[in-house]
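Structural overview
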Amino acid sequence: MIARAWGPAVLGLFVLAVVMSFFNFEISKWQWMLNGVVFFGGAVVFTISRGMTFFVVKRLFETVFVVWMIASLTFILLRVLPGGPFDSEKALPPEVLANLAKKYHLNDSVPKQYLDYMVDLLHGDLGQSYKYIGRDTSAIIAESLPSSVQLGIYALLISYIVGIPAGVLAGWKQGSKTDFAAMFLAISGVSLPSFLMAPIFIMVFCFWLGWFEPALWEGPGYYVLPMVVLGLRPAAVIARLTRASVLEVIHSDYIRTAKAKGLDSRTILFKHVLRNSLIPVLTLSGPLAAGVLTGSFVIEQIFAIPGIAKHLVLSVTNRDYPLILGTTLLFSVMLVIANLVTDFLMAVIDPRVKMI
Amino acid sequence: MRLMVVMVLVALTAACTGKSSHLEYGLDVKETMRVNLLSEPPTLDWSKATDTTSATVIFNIMETLVNYNLADPELPPIPGLATDWTASEGARIWTFNLRKGVKWTDGTEFIGQHVVDGWERMLNPATASEYAYFLFPVKNAKAFNAGKIKDFKEVGIKINDQGQVVVELEKPMGYFPLLLTHHSTCPIRKDTVAKFGDKWTDPKNIQTLGAYALKVWDHDKNIVLERNENYYGEKAKIKNVLAYMINEYSTALNLFESGKLDFQETIPFKELPQYKNRPGFHSVPSLSLWYMGFNVRKPPFNDVKVRKAFSLAVNRKQVTDLLNGGHTPLTSWVPLGMFGYEKEIGTKFDAAKAAAMLDEAGYKDRTKFPKVSLALNTNENHQRVAENVQAQLKKNLGIDIQVVNEEWKVYLNRLHNDTPSLFRMGWLADFPDPDNFMNVMTSYSDNNYTGWKNKHYDELIEAAASSLDKEKRREIYKEAQKLLTETEVPVVPVFSDVRPILLSERVQNFPLNSINRWILKGVSFK
């Protein structure tokens, strides 16, 4: 009974939180806690009941290893990269450079710097940014990540809501005008870059129609355009994948059997085709979600959204070592977790999937 | 399906709410100047800030000892926190009278010790302030910053019995008060810094004494300033300033077009034509310099004739026409708008003379000319200028040069460690005195990448810096500039920059100035 209620509960709470955030309602501490308990508690119960504990624990250990590898590689690459954080247009006198090097321990040997960094990392300390003087890297991430995640979730929802029906419809009515129209739009969505789509949308919806705001991140009127532009490409990818997958399923034996025994086409579509053809889409969702949730530099620039993607790009330009490491680690952790969640959801949806 | 309905409803609601005109943080648009800062200020700690964005905010919430008269194009110094000052011992000792009755935002009286505290903090090696070198002319300041002197009492700043600030310099410096217009030399509240550490610049902690006070700092998003009712001078005319941090120009221009910004600086040159004839458009000359430098340590540019030939072969006017933004062609080292600027100084464009000069240098057979590249940092405008110079050299001298670009920090690194034979660089004024520009090319300057060292030039610059006689200084700078740009030519000045600025129609009395100091206290709405 509880197991059956879990799925709808997760979905319901999630949709509620998304809608509330969209209208700038504050999500209370209690709601966060309830969500946490339902999401993770349910996942833990499910994991144990399906005998996947070993799998999940193993994956978590792998995550730690992956993060360590990425941290080490990034650290080394940064030291190899020419140009330092304090190379500036106006050259600094040696006395000043010496003080800076001392403050940020840049004169220590590289192995010592590496060890210090790893020890701090184990304590959850990402260090202070060089560029944003006196601010902790973790504080910068904590302040800029929410906008990116918020935008990413909206964009993902849009892409599923648009992409899956479009793909199913196109596959189900293969060769029809609907199919051609949907696939034409999908190809356009994949191939048109967002830096082109964004200005077009702004011109049409802000300056001609006056419906939405051209930039900034203040409320619903500001959220719509960036989320649509960011959602377009994933929507197109999902539509094309769904169509291909639907076609494959339609031509399989069990659908022929279903048709032969006289089931009406609605039942075949919703009960047999749809469910099975969504598995490849789900596989793709991990990387897709990680990519979208960590923000898009172009979209954040064009719409002036205070997100994290800007820091990932500009920290490199500024040679802001702690911030580069912090954002890189964050992105890799998000990617690994997104893949883990995808694998987990596969197990939930497809009972044949065995986790070892 | 239900989700679809929700989304449609959402879109409709958004469409309705989109047009409301109230501002964030409950600000009233009629009392709020909306400006674009272009980016997040890296810090508001004035002892540590190095960039123009931070400086713009700091200059509106803090006050310097000496201000500029922004209404005068030559930007002469006028009283700020110091009411007047006198020089003695031939400009080696400076005495500043401080303003009475100035209060910090928490009501504390401003005293001379706050100035000393500010300087001590800036020079303290542990602070690691990048602009600490600004105070190096002060006696023992450099040694204190290098950690060679531990006691700050040995540094040349004191408060005397009359409460005056007395500054003793290493050697005479005629323009010293101009250094005190810089944000890094502002007084500071040591108690605040000690109490809150790195968090002292948060709006709830910071203590300032300027015309505006810092109310909100939402990182990467907004800064809100509010009129400081305790300000000693004439109170700010507009109650609030709402600053955005939008670094994409086209985005900012979109917001400007939809009436959401009152001030935007910087417009991409491609878009200039459609803004040029607007009533709120201003093209403000900037005290800056775009130049090409030669590495004089290596052939072919160790030969002064080759350097002169290059300088003669570049028609500056052609470059500024290409940029089409009102830039000033420049052959002198001191830019237009600054004391010491002389239009006639420098090597003027003369293609025939240039070719003859190169022949004379032994390259009559142009194929013998070594392969050289013009190096620059990756930037669309620099690239356009460099390609134009490349074409001019081909046409006027008959030689082929390569244009190579590198990412900014890689480029800076190369300038220091492996200077290219021909490179582009720039200089932007810290304060409006020719010494700020002329000093760049001294033999001991960290910013002189050319390897050119000239003792006579160094002496001239030092003589001019220590003098209080304006006419004498003008003559010396004239001689030094001639030496630099006509006789020795280690550098080729090309043009000086402009800032395109957009102001909304309701803004008046905006202090447009060539040093990019946007002080908003006098700005009002129509």
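Residues numbered from 1 in each chain as written. Chains lettered and ligands numbered in written order. Predicted model: local features only at pLDDT ≥ 70, side-chain atom pairs only at ≥ 80, totals over all residues. Heavy atoms only, no water.

Looking only at helices and strands, chain B has 16 helices and 21 strands in total. On C-alpha atoms alone, chain B measures out to a radius of gyration of 25 Å, which is about the 24 Å that the 2.2 N^0.38 rule sets for 526 residues. Per-residue burial for chain B yields a buried fraction of 57% across its 526 residues. Looking at chain B alone, contacts between residues at least 24 apart form 67% of all its contacts between residues at least 6 apart. Working note: accessible area of chain B is about 21100 Å², and carbon and sulfur atoms make up 51% of it. Distance between charge centroids for chain B: 2 Å, based on 65 positive and 63 negative side chains. (Helix = DSSP H or I, 4+ residues; strand = E, 2+ residues; numbered from the N terminus. Rg over C-alpha atoms; globule rule 2.2 N^0.38 Å. Buried < 20%, exposed > 50% of the residue type's maximum accessible area, 1.4 Å probe, protein only. Contact = heavy atoms within 4.5 Å. Areas by Shrake-Rupley, 256 points an atom, 1.4 Å probe, with all protein chains shown as cover. Lys, Arg positive; Asp, Glu negative; His and termini not counted. Charge placed at Lys NZ, Arg CZ, Asp CG, Glu CD.)

Residues and elements named next belong to chain A. Those residues of helix H13 (residues 309-318) not exposed but buried are Ala309, Lys310, His311 and Ser315. Residues of H13 that are buried in the fold lie against helix H6 (137-172), helix H12 (297-302) and helix H14 (321-349). Count one or two residues on from H13 and you reach arginine 319, which has phi positive near 55°.

Right, let's talk about the pattern of salt bridges for a bit. Opposite charge on two side chains makes pairing possible when the charged atoms of those side chains draw close. If you walk through the whole model with that rule in mind, you get 40 salt bridges over all chains. Across the pair Arg135(A) and Glu40(B) runs a salt bridge whose closest N-O atoms are separated by 3.1 Å. With Arg135(A) in the loop between helix H5 (110-122) and H6 and Glu40(B) in the loop between strand S1 (32-36) and helix H2 (52-61), this residue pair bridges two chains. The exposure class of Glu40(B) is buried, given its relative accessible area of 3%. (Salt bridge = Lys/Arg side-chain N within 4 Å of Asp/Glu carboxyl O.)

Listed as interface residues are 59 residues of chain A and, on the opposing side, 62 residues of chain B. Regarding the contact of chain A and chain B, the summed buried area is about 5000 Å², with carbon and sulfur atoms giving 61% of it. It is Glu89(A), Lys90(A) and Ile133(A) that lose the most area in chain A upon contact with chain B, and together they represent 13% of the buried surface on that side. Inspection of the region where chain A meets chain B yields six salt bridges. The interface formed by chain A and chain B contains 16 residue pairs in polar contact (both at pLDDT 80 or more). Per-element accounting of the side of chain A that touches chain B gives the leading share, six residues, to helix H4 (residues 94-103) of chain A. Each residue belonging to the side of chain A that touches chain B can be placed in one class, and the counts come to 34 nonpolar, 13 polar and twelve charged. (Buried area = accessible area lost by both parts, 1.4 Å probe. Polar contact = N/O pair within 3.5 Å; in protein donor to acceptor, adjacent residues only side chain to side chain. Nonpolar A, V, L, I, M, F, W, Y, C, P; charged D, E, K, R; others polar.)

Residue and element names in this part refer to chain A. Taken together, Phe65, Val66, Trp68, Met69 and Leu73 make up a surface patch of nonpolar side chains, about 470 Å² in accessible area. Mapped onto the fold, tryptophan 68 is located in helix H3 (residues 53-80). Relative accessible area serves as the criterion here: at 42%, tryptophan 68 is assigned to the partly exposed category. (Patch = residues over 30% accessible without salt bridge, like charges linked within 9 Å, V, L, I, M, F, W, Y side chains within 5 Å.)

For the rest of this paragraph, the subject is the sheet that holds strand S13 (residues 288-294) of chain B. Residues and elements named next belong to chain B. Within the open sheet, the six strands sit side by side as S14-S18-S13-S17-S15-S16. Their pairing is mixed. Both outer strands of the open sheet, strand S14 (328-329) and strand S16 (401-406), are each paired with one neighbouring strand and no more. Relative to strand S17 (residues 422-428), S13 runs antiparallel, the two being bridged by seven bridges. The residue bridging phenylalanine 294 from the neighbouring strand is leucine 422, located in S17. Helix-sheet contacts for helix H13 (residues 408-417) involve strand S15 (372-377), S16 and S17, and the interaxial angle to S17 is about 105°. (Pairing = 2+ DSSP bridges. Axes fitted to C-alpha atoms, helices over the stretch in contact; angles between N-to-C directions.)

Residues and elements named next belong to chain B. Under the domain assignment used here, chain B contains domain 1 (2-62 + 210-284 + 499-525), domain 2 (66-189) and domain 3 (287-496). Distance between the C-alpha centres of domain 2 and domain 3: 34 Å. Across the contact, 19 residues belong to domain 2 and 15 residues belong to domain 3. Regarding the contact of domain 2 and domain 3, the summed buried area is about 1200 Å², with carbon and sulfur atoms giving 59% of it. (Domains from an automatic or database assignment.)

Residues and elements named next belong to chain A. Between H6 and helix H7 (residues 177-191), the shortest axis-to-axis distance is 8 Å and the interhelical angle comes to 140°. Our classification of the angle between H6 and H7 gives oblique. At the point where H6 passes H7, the crossing takes the left-handed sense. Contacts between H6 and H7 involve Ala166, Leu169 and Ala170 from the first element and Thr178, Asp179, Ala182 and Met183 from the second. In the contact of H6 with H7, the residues fall into five nonpolar, one polar and one charged. (Parallel < 35°, antiparallel > 145°, perpendicular 65-115°, else oblique. Left-handed = near helix turned anticlockwise from the far one by under 90°.)

As a further point, take the environment of Pro165(A). All names here are of chain A. Along the chain, the position of proline 165 falls in helix H6. Proline 165 gets classed as partly exposed once you look at its relative accessible area, which sits at 42%. Along the primary structure proline 165 and isoleucine 238 are separated by 73 residues, whereas in three dimensions their C-alpha atoms are 9.7 Å apart.

So, about a negative patch on the surface. Residues Asp120(A), Asp125(A), Asp136(A) and Asp198(B) make up a contiguous surface patch of negative charge. Here Asp198(B) is to be found in the loop between helix H6 (190-196) and strand S8 (212-218). Since its relative accessible area comes to 39%, Asp198(B) is described here as partly exposed.

Counted according to the given criterion, the structure contains 39 aromatic pairs over all chains. Ring plane angle 35° and centroid distance 6.1 Å describe the contact between Phe75(A) and Tyr117(A), whose orientation is recorded as tilted. Remark: Tyr117(A) occurs in helix H5 and Phe75(A) occurs in helix H3; sequence separation between them is 42 residues. Judged by its relative accessible area of 3%, Phe75(A) is buried. Relative accessible area serves as the criterion here: at 10%, Tyr117(A) is assigned to the buried category. A cation over a ring is seen here: Arg135(A) above Tyr132(A), with NZ or CZ 5.9 Å from the ring centre. The ring of Phe59(B) is capped by Arg517(B), whose NZ or CZ atom sits 3.6 Å from the centre of that ring. (Phe/Tyr/Trp six-rings, centres within 6.5 Å; stacked < 30°, edge-to-face > 60°. Lys NZ or Arg CZ within 6 Å of the ring centre and 35° of its normal.)

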